[in-house]
Amino acid sequence: MPEPSIFLRGAPALDPRTAEGLEAYARGDLTRARRLLESTRESAAAEAVRLLYLGSIELAGGRDRRAIECFQGVDSSLVPEPWRGEARWSLALAHRHLGEAGAADSLLHL
């Protein structure tokens, strides 16, 4: 996942729980990161960051449906490449895990 600051230049300060969740993610404490990132909401670019990280955590934990919900909630216009492509690939992977090959392939233009 990208370094959050790339999305947040000029954005308002993060909710402290979001910031703490991102720090927990960086340390590899995905359980704590998930709990913190689920407990808050942000706006604009900060919400895109929160959902991308939470989606990645859900995917890593095998919670594919929840990962899909997170990734679909991201405003992709706020996400620069290469992370927009990474998020699309992660969304496709979650669909593939659920046996939804058509949805996965359409995301990857196969």
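Rules of the game
Residue numbers restart at each chain and count upward from 1, following the sequence in its written direction. The predicted origin of the model limits local features to residues at a pLDDT of at least 70 and limits the giving and counting of side-chain atom pairs to 80 or more, whereas totals for whole chains, interfaces and linings rest on all residues. Excluding hydrogens and water, the side-chain figures rest on all heavy atoms present in the structure. The term nonpolar core refers to a set of buried residues drawn from Ala, Val, Leu, Ile, Met, Phe, Trp, Tyr and Cys, joined through side-chain atoms within 4.5 Å. The rule is simple: take the accessible area with a 1.4 Å probe, protein chains only, and divide by the maximum for that residue type; under 20% is buried, over 50% is exposed, in between is partly exposed. A helix here means a DSSP run of H or I that spans at least four residues, while a strand means a run of E at least two residues long, and both kinds are numbered starting from the N terminus. Contact definition: two residues touch when any of their heavy atoms are within 4.5 Å. Here an angle of 0 to 180 degrees is reported between the N-to-C directions of two axes, which are lines fitted to C-alpha atoms, with helices fitted over the stretch in contact. These descriptions rest on fixed angle ranges, namely under 35 degrees for roughly parallel, over 145 for roughly antiparallel, 65 to 115 for roughly perpendicular, and the rest for oblique. Whether a crossing is left-handed or right-handed is set by the direction in which the near helix is turned from the far one by less than a right angle, anticlockwise for left-handed and clockwise for right-handed. Charged residues are taken to be Asp, Glu, Lys and Arg, nonpolar residues to be Ala, Val, Leu, Ile, Met, Phe, Trp, Tyr, Cys and Pro, and polar residues to be all remaining types, Gly included. Note: the arc covers the axis-to-C-beta directions of the helix. Polar contact is defined as a pair of N or O atoms within 3.5 Å, subject to the rule that within protein one atom must be able to donate a hydrogen and the other to accept it, and that residues adjacent in sequence are counted only when both atoms are side-chain atoms.

Engineer: Teacher, can you tell me more about the nonpolar core here?
Structural biologist: For soluble globular proteins, the rule of thumb is that nonpolar side chains tend to be buried together. Leu-37, Leu-52, Phe-71, Val-74 and Val-79 are the most contacted members of the largest nonpolar core, which has 25 residues in total. Among the secondary structure elements, those contributing two or more residues to this core are helix H2 (16–26), helix H3 (30–38), helix H4 (44–60), helix H5 (64–72), helix H6 (83–97) and helix H7 (101–107). With sequence-adjacent residues up to four places away left out, Leu-37 is seen in contact with Thr-18, Gly-21, Leu-22, Arg-50, Tyr-53, Leu-54 and Ile-57.

Engineer: Teacher, can you tell me more about the packing of H2 against H3 here?
Structural biologist: A packed helix pair is summarised by two numbers, namely the angle formed by the two axes and the spacing between the axes. Put simply, H2 and H3 touch, their axes get as near as 8 Å, and they point 160° apart. In terms of axis orientation, H2 runs roughly antiparallel to H3. Taken as a pair, H2 and H3 cross one another with a handedness that is left-handed. Between H2 and H3, the contacting residues are Arg-17, Thr-18, Glu-20, Gly-21, Leu-22, Ala-24 and Tyr-25 on the first element and Leu-30, Arg-32, Ala-33, Leu-36 and Leu-37 on the second. For the contact of H2 with H3, a count of residues per class yields 7 nonpolar, 2 polar and 3 charged.

Engineer: Can you help me understand H2 in this one?
Structural biologist: For an α-helix the count is 3.6 residues per turn, leaving residues at separations of three or four pointing the same way. Within H2, burial applies to Thr-18, Gly-21, Leu-22 and Ala-24. Down the axis of H2, the sector holding all buried residues measures 160°, keeping them to one side. Of the exposed residues in H2, those oriented more than 90 degrees away from the buried face are Pro-16 and Ala-26. Those residues of H2 hidden inside the fold are in contact with H3 and H4. One side-chain oxygen of the residue at the start of H2 lies 2.7 Å from the amide nitrogen of Arg-17, identifying that residue as Asp-15. Of the residues trailing H2, Gly-28 is marked for its positive phi of about 90°.

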